[in-house]
Every structure is written in structure tokens, then in C-alpha cells.
Amino acid sequence: MKHLSVAGYCTNIDLNAPFVPAQLSDIDDSVLIRDVLNDLTSAWRQLGIKDPSTLSHQDQRRLLDAAITIAPPFSLNAHSKAALDTLLQRERASTTETHVGNLPPFLTLGNTKIVLWRGDITTLNADAIVNAANSQLLGCFLPQHKCIDNAIHNRAGVQLREDCDVLIKLQGHDEPTGIAKITRAYNLPSRYVIHTVGPIVQGAVTSDSKRLLSSSYSSILDTTQTVDNIRSLAFCSISTGVFGYPIEQATPLALKTVAQWVKANPDALDTVVFNVFSEHDYNVYQSALEEFICKN
Ligand code: ADP
């Protein structure tokens, strides 16, 4: 299936322009939330809410995330978008960010530091982070769903879904498994998000699933070279959540694919982070990295 290359979409989503968030500095958070919710009436009605103003501040904020999750692309007018950017930037300023440059390497491959880091990828300051997307590419539509796709879209802002909508319309079909698309990261600490659809595994891991997972990793790495100045990249553990790929089998394949690519492109990246979320996943990656060091 033919898919769209970066050259075929970069200008449509202003990929190379720096994102400058709006700053409505004289407006309170509660007013910003109200303004955005006013623009999302049909979304919160769909969620069974009759009057958001009766909710606590915290519940209104949660409702805003949920309404954005279910709202179609291009639902917000320019003022609401600016209000949301302002809110997300304020929240970002009060959240502890981790700069990938400060993380200790687990090992070094050529000139590339390989880092294992446990935490929320939306707080990571890397040039690019990876999103485990679905084939619609538009982000998750399940309100409050704890997947990485939802976390990334909620913290980036609505521009991410808008870009993905542009890409998928230009492409003319759903996103195939095992390739990658890059967008700006908007209100996230990172500059870019690289979206990939990993394979879905039900039952035993097939050779096709292995090939496609490896292809997701290498396509993401290749994509970093299509944009100026991506020197650090943070992978999430693709396919190992809702998509059911056993992490014990996905991890050695991820390491092997990344190591091969880094060996072939020794000066391409300063840092590659393997970002995990749970303690169990951290332990799996730690063992796999130790085994990798022993064998190489
Ligand atoms: P997939 O559909 O590809 O399986 P998921 O979102 O279900 O994607 O999970 C992918 C991986 O991302 C899982 O290992 C999950 O624990 C992890 N994850 C979920 N939320 C976050 C987050 N905020 N930051 C980093 N990793 C996360």
C-alpha cells in the first residue's frame, strides 16, 4: 500500500516552523477552561453532562480532556485554541520535566547514548518522542483512556489531531502498520511526535508481527533523519499495551533493531531513550539491556 512520505506532507502541516504557543496571560485558568468547554458543547453533552459550571474546577478540567478526546478534528475556534494552549503551557510550567541530556546512559553504541528511563513520556524533553498510535492516526477517542496516545494528544493540544487528520486525508487511507509519520509536538516539552502503528498480537507472536514491530522501530529512526536537528529520540514500548505484544518478546527485538540502525548510522543521534511506564516493564528492559551488553 502506497503511503505518504515526509516530503509529501511537511508543508501541509508546517512541520519545520517552530510552534509558538498563544499566551493569554491576563485570563484565569477557570475562564480558559470555560471558554474551551463553550466550544465543545456537543462533546460534553455526549458525555452526559448538562451544565459544566456546576462541576468543581478539577472536574471541569477533567471534562475538558475527555471532551477533547472525543471531539472531531478542527472543533475549536481560534480563541479556544489559544485558551487551551495557554492552559497547557501553564500546566507544563508547573510539571517537572526531564531533559534527556541529563539522563545517565545504560550503554553507549558508537556515539549514541542508550538510556532506560521510567516515567510519563509527556514530561520528557527530547527532540522527538514516539506515539503508539492506531490506524486512524487521529488519537484515542475513548475519554479518560489511559493509553499513551490519549496522554500525548491531551498534553500536546488539539493541533496534533488536526495535523494527523491532514496527513490521513492526504494519504487517502488508514495508516498501515510498521511505518511512521512525524508531526510537531505543540504544547509538549518535546519538539516532535513520531507516530507509528505497531502490530496487534492475539495469541502467539507471528513472524509477520516481528517484522512489523521491527519495521516500526526502523521507520521511526529513519524519520528522525528527515527533519533538521533531531538528536534525541524517546521510544515508548510500541504495541505492548492494548495491542497485546508480550513485552518480554518485543524488547529484545526493539533493542536489536535500534542497535543495528545506530551501527549503520553512527553519527545520527546523540541519545536514544527507551521509555517505560511500569516497574514490570522497567525490569524487562533492564534484563534485556544487560543480556544485550553480555552478548555484544
Ligand atoms: P499499544 O496500543 O501500541 O499497545 P499502549 O498505549 O496501550 O499502546 O501502550 C504502549 C506502551 O506505552 C505501554 O507499555 C504502556 O505502558 C506505555 N504507556 C502508557 N502511557 C504512557 C505514558 N504516559 N508515558 C509513557 N509510556 C506510557
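For clarity, every value in this text was computed on a predicted model and none was experimentally measured.

Participant: Which residues make up the environment of Leu289, and what values go with them?
Facilitator: Within the element layout of this structure, Leu289 appears in helix α9 (residues 279-295). With a relative accessible area of 1%, Leu289 lands in the buried category. Here the alpha-carbon distance between Leu289 and Leu109, two residues 180 residues apart in the chain, equals 12 Å. With sequence-adjacent residues up to four places away left out, Leu289 is seen in contact with Phe106, Leu107, Ile114, Leu116 and Leu255.

Participant: Please give an account of the nonpolar core that cites residues and values.
Facilitator: Grouped together as the largest cluster of nonpolar side chains are 73 residues, with contacts concentrated most on Ile182, Tyr217, Leu233, Phe235 and Phe274. In terms of residue count, the dominant contributor to this core is helix α8 (residues 247-264) (nine residues). Contacts of Tyr217, omitting those with residues within four sequence positions, involve Phe235, Cys236, Ser237, Ile238, Ala254, Thr257, Val258, Phe274 and Tyr285. Ile68, Ile70, Ala71 and Ala82 belong to the second largest nonpolar core, which has 21 residues in total.

Participant: Any chance you could break down unusual backbone geometry for me, citing the residues and the numbers?
Facilitator: Residue Asn229 is not a glycine yet carries a positive backbone phi of 70°. On the secondary structure map, Asn229 appears in the loop between α7 (207-224) and β8 (232-235). Backbone geometry at Ser239 places phi at a positive 75°, although glycine is not the residue there. Structurally, Ser239 is set in the loop between β8 and α8. The exposure class assigned to Ser239 is buried, which follows from its relative accessible area of 3%.

Participant: Please set out the sheet that holds strand β5 (residues 128-132) residue by residue, giving values where relevant.
Facilitator: Strand order in the open sheet made by the seven strands is β2-β3-β9-β8-β5-β7-β6, with mixed pairing throughout. Among the strands making up the open sheet, the edge pair consists of β2 (107-109) and β6 (180-184). Pairwise comparison of adjacent strand axes, ignoring direction, gives a mean angle of 25° for this sheet. Inspection of the sheet shows β5 paired to β8 by two bridges, in the parallel sense. Across the sheet, the residue bridging to Ile129 is Ala234, located in β8. The strands touched by helix α6 (residues 159-171) are β6 and β7 (192-196); relative to β6, the strand with the most contacts, the crossing angle is about 140°. Sitting on the sheet, α7 touches β5, β6, β7, β8 and β9 (271-276), and the angle it makes with β8 is about 155°.

Participant: Talk me through the pairing of β5; I want residue IDs and the actual numbers.
Facilitator: Burial analysis of β5 places four of its five residues in the buried class, the great majority of the element. Bridge count for β5 against β7 is five bridges, and the pairing is parallel. Within the sheet, the bridge partner assigned to Ala128 lies in β7 and is Tyr192.

Participant: Requested: an account of empty space enclosed by the protein, with residues and values cited.
Facilitator: Empty space left among the atoms is revealed by rolling a probe the size of a water molecule over them. Scanning the entire structure with this criterion turns up two cavities of 30 Å³ or more. The volume enclosed by the largest cavity comes to roughly 140 Å³. Residue assignment for the lining of the largest cavity shows that the elements contributing at least two residues are α3 (57-70), α5 (148-156) and α6. The leading source of residues in the lining of the largest cavity is α5, at three residues. Class assignment for the residues of the lining of the largest cavity results in nine nonpolar, six polar and two charged. Two domains each put at least three residues into the lining of the largest cavity: domain 1 (6-17 + 98-295) and domain 2 (29-93).

Thresholds applied
Residues numbered from 1 in each chain as written. Predicted model: local features only at pLDDT ≥ 70, side-chain atom pairs only at ≥ 80, totals over all residues. Heavy atoms only, no water. Helix = DSSP H or I, 4+ residues; strand = E, 2+ residues; numbered from the N terminus. Buried < 20%, exposed > 50% of the residue type's maximum accessible area, 1.4 Å probe, protein only. Contact = heavy atoms within 4.5 Å. Core = buried A, V, L, I, M, F, W, Y, C linked by side-chain atoms within 4.5 Å. Pairing = 2+ DSSP bridges. Axes fitted to C-alpha atoms, helices over the stretch in contact; angles between N-to-C directions. 1 Å grid on protein atoms, 1.4 Å probe; cavity = no way out; pocket = protein on both sides within 12 Å on 5 of 7 lines; lining within 4 Å. Points joined across faces, edges and corners; volume = space filled by probe spheres on them. Nonpolar A, V, L, I, M, F, W, Y, C, P; charged D, E, K, R; others polar. Domains from an automatic or database assignment.

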